[in-house]
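Spelled out from the first residue to the last, the chains are:
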Amino acid sequence: MSTSVSSTSETATTAGARAHARAQHGRTAEFMRHQPASASPTVPAGVAATDLVWSETVAPGGYTSAVLARGTRIRLTDTDGDACAHLLLHRSDAPHERLNVADTVKVPWQAYLGSGHPLLSGFGRVLATLIDDTSGRHDALTGTSTRAGNLDRYGASAPESGSPAGRDLFTLAALKHGLDRRDLPPSVSFFQGVRVDGDGALRWLGSAGAATTVDLLLHVDTIILLANTAHPLDPRGQFTCSPLQVHAWRATADLDRLVSGELLGPLGPEHAQAIANTDADLTARGQL
């Protein structure tokens, strides 16, 4: 009891509160963004810490966002095997151009995300390419969880609850960039797989296990919105989600290697055309 009183009295004045806040400087928490990114305690192998532009561990039921430049490589890591990274992409200079899941599935003739898959906007342009994948358990069909769905399943759905809905987490992330609910189309998710059975039913596969990764390469300056929350088809009765690691670093040379076929091999004609559409638009804007 005396400790509580002492702690309260220390922050009861502006000077005391300032001293307490400054005493926290330099401390780290399990779930936080590392500033600067080069201070990351989990630098990916083969990447120089000084090249990092984003390093963060997103809590289960948490969200994050960032604005990243063309040529940035983003690595998502499912550290413990129960993360589910719900993702949305918007062009930072024209947020009305955003991830279009229907075209992302339709144009490459592939409903299942994996290495080499382009993430497309509704303008026939590629926002990012999935360039490496050790999980193989992803979903471009279901979208994220909703308030009504989580409330029915878990008894709670608010962002501050123990079972937050992905749609609400996306809304909070979007607001930080001047966007709102009307700017949130269907999303894709990584690390919790879904397949379509012969009768058309969606079947949840779960994860491929701990320490799997997904790497995305950005083709335009992009607003990234991420929500780490349970997949809406997860049949487990208890809300289940584990931490998500995020790292990003400059990798502009990988764009040239992707187009030349050196990075992933020859691209499909639809992928190549989407990249050409993107580059033509950037050239017209004076950005390339």
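Basis of the calculations
Residues numbered from 1 in each chain as written. Predicted model: local features only at pLDDT ≥ 70, side-chain atom pairs only at ≥ 80, totals over all residues. Heavy atoms only, no water. Helix = DSSP H or I, 4+ residues; strand = E, 2+ residues; numbered from the N terminus. Rg over C-alpha atoms; globule rule 2.2 N^0.38 Å. Buried < 20%, exposed > 50% of the residue type's maximum accessible area, 1.4 Å probe, protein only. Contact = heavy atoms within 4.5 Å. Areas by Shrake-Rupley, 256 points an atom, 1.4 Å probe, with all protein chains shown as cover. Polar contact = N/O pair within 3.5 Å; in protein donor to acceptor, adjacent residues only side chain to side chain. Phe/Tyr/Trp six-rings, centres within 6.5 Å; stacked < 30°, edge-to-face > 60°. Salt bridge = Lys/Arg side-chain N within 4 Å of Asp/Glu carboxyl O. pLDDT = per-residue confidence, 0-100. Core = buried A, V, L, I, M, F, W, Y, C linked by side-chain atoms within 4.5 Å. UniProt positions renumbered as here; feature names shortened; annotations may be inferred. Patch = residues over 30% accessible without salt bridge, like charges linked within 9 Å, V, L, I, M, F, W, Y side chains within 5 Å. Pairing = 2+ DSSP bridges. Arc of directions from axis to C-beta.

K.L.:
Just to check I follow, could you spell out the overall build of the chain for this structure?
P.N.:
Of regular secondary structure, the chain possesses seven helices and 14 strands. Expected size for 288 residues packed as a compact globule is a radius of gyration near 19 Å; at 20 Å, the chain falls within 12% of this value. When the backbone C-alpha atoms are referred to their principal axes, the chain occupies close to 70 × 45 × 35 Å. Buried positions account for 47% of the 288 residues belonging to the chain. Put simply, 72% of the contacts in the chain that link residues at least 6 apart link residues at least 24 apart. Counting only carbon and sulfur atoms, one obtains 52% of the accessible surface of the chain, whose full area is about 13100 Å².

K.L.:
When you look at the side chain of Arg75 in this model, what are you seeing that I'm missing?
P.N.:
Looking at where Arg75 falls in the secondary structure, it is placed in strand β3 (residues 72-78). Residue classification places Arg75 among the buried positions, given a relative accessible area of 17%. Here Asp215 takes part through its side chain, which lies 2.8 Å from a polar atom of the side chain of Arg75. When neighbours within four sequence positions are excluded, Arg75 is seen to be in contact with Pro44, Thr213, Val214, Asp215, Gln245, Val246, His247 and Trp249.

K.L.:
Any chance you could explain the packing of aromatic side chains here in plain terms?
P.N.:
Note on aromatic pairs: each is described by the distance of the centres and the angle between the planes. A complete count under the given rule lists one aromatic pair for this structure. For the ring pair Tyr154 and Phe239, a centre distance of 5.6 Å and an interplane angle of 80 degrees mean the geometry is edge-to-face. Here Tyr154 is found in helix α4 (residues 147-154), whereas its partner Phe239 is found in the loop between β13 (222-228) and β14 (244-250), with 85 residues between them in sequence. Assigned by exposure class, Tyr154 and Phe239 land together as buried.

K.L.:
Explanation requested: the pattern of salt bridges in the structure shown.
P.N.:
For side chains bearing opposite charge, pairing can occur when the charged atoms are close. For the structure on display, the rule yields 22 salt bridges. Two residues, Asp103 and Lys106, come together in a salt bridge whose shortest N-O distance is 3.3 Å. Here Asp103 and its partner Lys106 are both found in helix α3 (residues 101-106), three residues apart, which amounts to about one turn of the helix. Classification of Asp103 by relative accessible area gives buried; the value is 14%. Within this structure, Arg73, Arg75, Asp215, Asp254, Arg257 and Glu262 form a network of salt bridges that share partners.

K.L.:
I tried to follow the confidence of the model for the chain on my own but got confused; where do I start?
P.N.:
Low pLDDT marks stretches whose predicted atomic positions should not be read closely. Residues of the chain with pLDDT of at least 70 account for 92%, and the chain-wide mean is 93. Taken as a whole, residues 1-5 scores under 50 in pLDDT and shows zero contacts with residues more than four places along the chain or in a different chain.

K.L.:
Explanation requested: the side chain of Thr57 in the structure shown.
P.N.:
By the element assignment, Thr57 lies in strand β1 (residues 52-58). Beyond its immediate stretch of four places on either side in the chain, Thr57 contacts Glu30, Phe31, Met32, His34, Pro243, Leu244 and Gln245.

K.L.:
What's the story with the nonpolar core in this structure? I'm lost.
P.N.:
A general tendency of soluble globular proteins is for nonpolar side chains to be buried together. Residues Ile74, Leu76, Leu87, Phe190 and Ile224 are the most contacted members of the largest nonpolar core, which totals 42 residues. Top contributing element to this core by residue count: β13, with five residues. In contact with Phe190, other than residues within four places in its own chain, are Leu76, Ala83, Cys84, Ala85, Leu87, Leu113, Leu130, Arg137, His138, Val214 and Leu216. Core analysis: the second largest hydrophobic core is formed by 14 residues, Val126, Trp249, Ala251 and Ile275 among them.

K.L.:
Just to check I follow, could you spell out the UniProt feature "domain: DUF1989" (unreviewed entry) in the chain for this structure?
P.N.:
UniProt feature "domain: DUF1989" (unreviewed entry): in the numbering of this structure it lies at residues 56-223. As a span, residues 56-223 carries 14% helix and 38% strand, and end to end its C-alpha atoms are 16 Å apart.

K.L.:
Explain a nonpolar patch on the surface here, please?
P.N.:
A surface patch of nonpolar side chains, amounting to about 210 Å² of accessible area, comprises Leu141, Val196 and Leu202. Inspection of the secondary structure assignment puts Leu141 in the loop between β8 (138-139) and α4.

K.L.:
Explain the pairing of β1 here, please?
P.N.:
For a regular strand, side-chain orientation follows a simple rule: the groups alternate between the two sheet faces. For β1, the tally of buried residues reaches six of seven residues, placing the bulk of the element in the interior. Inspection of the sheet shows β1 paired to β14 by six bridges, in the antiparallel sense. Paired with Glu56 across the bridge in β14 is Val246.

K.L.:
Teacher, can you tell me more about helix α6 (residues 252-260) here?
P.N.:
What sets the pattern is the α-helix's 3.6 residues per turn: residues three or four places apart point alike. Those residues of α6 that sit buried are Asp254, Leu255 and Leu258. Projected down its long axis, α6 carries its buried residues within an arc of 110 degrees, all on one side. Structural note: α6 exposes Ala253, Asp256 and Ser260 on the side pointing more than 90 degrees away from its buried face. The inward-facing, buried residues of α6 contact β3, β7 (126-133), β12 (212-218) and α7 (269-284). Once α6 ends, the next one or two residues include Gly261, with phi positive near 95 degrees.

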